[in-house]
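# Structure assessment
Residue strings, one per chain:
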Amino acid sequence: MKAWRRVAAVARKDLLLEWRGRDAVLPAGSFGFAVLLVLGLVSGGGGKAAPSALWVSVLLAAVLAAGRGADREGEEGTREVLLLYPGSREDLFWGRWLALCVVLLVLAAGLWCAQVLLFDAPTRGAGVLILAGLLATAGLGAAGTLLAALVAHVRAGPLLMPLLFLPATVPVLLAGVRLSEAAASGAPAGPWWGVLVVFDLLFLLVGPALFELVVEG
Amino acid sequence: MRAFAVGGTAALLSVGLFLALWGSPPDAYQGEYVRIMYVHVPAALSAYGAAAVAFGAGALYLWRRDRRWDFVGRAGAELAALFSGLTLLTGMLWGKPVWGVWWAWDARLVTTAVLFLLYVGCLLVRDLADDPERGRRLSAAVAVLAFLDVPVVHYSVVWFRTLHQGPSISLQGVKLAPEFLLPLAVNAVAYLALLSVLLAERARLASLEGEG
């Protein structure tokens, strides 16, 4: 089987399970929405707080969503079976990454709509936000896929996941907030596109290499 | 050799402490608080050094699966957490009288706190893994990942507009008066010697315990 077919098969499996169970998008999306509400409440809900509230809610929802795929395999005992299939484990990484990126895009789009409604946020610069969202999703997907595999065999893994994921993804949060603010105000974006691209490159290069070592039996 | 290394480090630390307390004049703006710099900057350098050791040993362990690299990597990760924590603590002690706040939302401070948290995570992953060999492997992977933050910490003052001052010593030159430079240099060497001694001792202890 060719590598891209293996990648597609793993991504299809994850997305099919998600479609049937909706056990990542619904809980993570609801949690992200709750975070938006709480941040809106404490900040007074002004438009100035909107970018921060959006990206914090996306990041926290991503922590939950990223761990779900690995949890599902642990619960159903399919992780070891998946590892026994012939072919590179890197394909397993890319398949999971692809499926997680789709889930994260759905979450980010939903939370963005909620933010526009709840915070009365301007929709100006939506193109910038979409591009930032795509770049952020690629990086968050890679970090999430790697770290979820890493904590899968650790006691209190769900507690360790945010401890590793949130510090590691601070650059995405910061870049996302600053780019959203710049898009809304029409100010120059500064170095933030570069920060997102470098973050993506690092995790997309390091992620698959470490993933192979992390999932070893 | 061990006694010589420990004795030499103790002597260097004593000279460094003497220079920091009595050999350095007070700063025109910071006053006596400048003396905190003689612990803060060497602690930050030691954190970078320990992170580099954890990265190198972690990568070698993942490649060769030789327990000796794991002993060194574990020592490196523990010391990276210790020295980055010390850097944060001394920075806050300096920040309150000089900046007027214990903490500022500044790129250098936040990236250093991130570094500290990543090494705490690295140590927790090792201890909480479901079997010791997996713990060693996962912890080595986190150490490799955490090291990516070191250049971000170092260059944060160059890349972003920050409250934290830029580098005083760089390839472009030294922006520090000689009476401050000498105590800083001696303390930096003393802390790096301390780091080396602690690394060697912790790695030796880990190998004696046969743990990982």
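### Let's talk about the overall build of chain A
Scanning chain A for helices and strands turns up nine helices and zero strands. Beginning at the N terminus, the succession of helices and strands in chain A can be written as α-α-α-α-α-α-α-α-α. The C-alpha radius of gyration of chain A comes to 17 Å, within 12% of the 17 Å expected for a compact globule of 217 residues. Viewed in the frame of its principal axes, chain A has a C-alpha envelope of about 50 × 30 × 30 Å.

### Here's the deal with the overall build of chain B
The number of helices and strands found in chain B is seven helices and two strands. Each helix and strand of chain B, ordered N terminal to C terminal, gives the series α-α-α-α-α-α-β-β-α. A compact globule built from 212 residues would reach a C-alpha radius of gyration of about 17 Å, and chain B, at 18 Å, matches this within 12%. Its C-alpha atoms give chain B principal-axis dimensions of roughly 55 × 40 × 30 Å. Evaluated residue by residue, chain B yields a buried proportion of 43% over its 212 residues. Of all intrachain contacts in chain B linking residues separated by at least 6 positions in sequence, the fraction that spans at least 24 positions is 74%.

### Remarks on the environment of L88 of chain B
Assignment of secondary structure puts L88 of chain B in helix α3 (residues 67–99). When the C-alpha positions of L88 of chain B and A206 of chain B are compared, they lie 27 Å apart, and in sequence the two are 118 residues distant.

### Section: the interface of chain A and chain B
Counting residues at the interface gives 18 residues for chain A, matched by 20 residues for chain B. If you list the elements that add at least two residues to the side of chain A that touches chain B, you get α7 (157–168) and α9 (192–214) of chain A. Of the residues in the side of chain A that touches chain B, the class split is 15 nonpolar, one polar and two charged.

### A look at helix α6 (residues 149–159) of chain B
All names here are of chain B. The complete set of buried residues in α6 reads D149, V152 and V153. Taken around the axis of α6, the buried residues stretch over an arc of 100°, which confines them to a single face. Away from its buried face, by an angle of more than 90 degrees, α6 presents the exposed residues P151 and V158. Contact partners of the buried residues in α6: α4 (107–128) and α5 (132–146).

### Topic: the packing of helix α5 (residues 89–119) of chain A against α9 of chain A
All names here are of chain A. In the contact formed by α5 and α9, the axes pass within 9 Å of each other and the chain directions differ by 120°. As the angle between them shows, α5 and α9 are arranged oblique. Once α5 is placed against α9, the crossing between them reads as right-handed. Every residue of α9 that contacts α5 at R89, E90, F93 and W94 is listed here: G207, P208, F211 and E212. Each residue belonging to the contact of α5 with α9 can be placed in one class, and the counts come to four nonpolar, one polar and three charged.

### A closer look at the packing of helix α6 (residues 126–151) of chain A against α9 of chain A
Residues and elements named next belong to chain A. Remark: α6 packs on α9, axes separated minimally by 9 Å, with the N-to-C direction vectors making an angle of 25°. The orientation of α6 relative to α9 falls into the category roughly parallel. Where α6 crosses over α9, the two elements pack in a sense that is left-handed. Listed contacts from α9 to A132, L135, A136, A138, G139, A142, A143, T145, L146, A149 and L150 of α6 are L196, V197, F199, D200, F203, L204, G207, L210, F211 and V214. The residue inventory of the contact of α6 with α9, partitioned by class, reads 17 nonpolar, three polar and one charged.

### Some words on the confidence of the model for chain B
Residues and elements named next belong to chain B. Taken over all residues, the pLDDT of chain B has a mean of 91, while the share at 70 or more is 99%. Highest mean pLDDT in chain B belongs to helix α2 (residues 37–64) (96); lowest belongs to strand β1 (residues 169–170) (70). Here the predicted complex scores 0.88 on pTM and 0.83 on ipTM.

### Notes on helix α2 (residues 25–43) of chain A
All names here are of chain A. With 19 residues, α2 should reach 27 Å at 1.5 Å per residue; the first-to-last C-alpha distance of 26 Å fits that figure. Taken together, the buried positions of α2 are occupied by V25, A28, G29, G32, L36 and L39. All buried residues of α2 project into a common sector of 100° when viewed along the axis, lining one side. Pointing more than 90 degrees away from the buried face of α2 are the exposed residues L26, L41 and V42. Next to the buried residues of α2 lie α1 (3–21), α3 (50–76) and α5.

Reading the values: rules and limits
Residues numbered from 1 in each chain as written. Chains lettered and ligands numbered in written order. Predicted model: local features only at pLDDT ≥ 70, side-chain atom pairs only at ≥ 80, totals over all residues. Helix = DSSP H or I, 4+ residues; strand = E, 2+ residues; numbered from the N terminus. Rg over C-alpha atoms; globule rule 2.2 N^0.38 Å. Buried ≥ 20, exposed ≤ 12 C-beta atoms within 10 Å, placed from the backbone. Contact = placed C-beta atoms within 7 Å. Nonpolar A, V, L, I, M, F, W, Y, C, P; charged D, E, K, R; others polar. Arc of directions from axis to C-beta. Axes fitted to C-alpha atoms, helices over the stretch in contact; angles between N-to-C directions. Parallel < 35°, antiparallel > 145°, perpendicular 65-115°, else oblique. Left-handed = near helix turned anticlockwise from the far one by under 90°. pLDDT = per-residue confidence, 0-100. Expected span 1.5 Å × (residues − 1).

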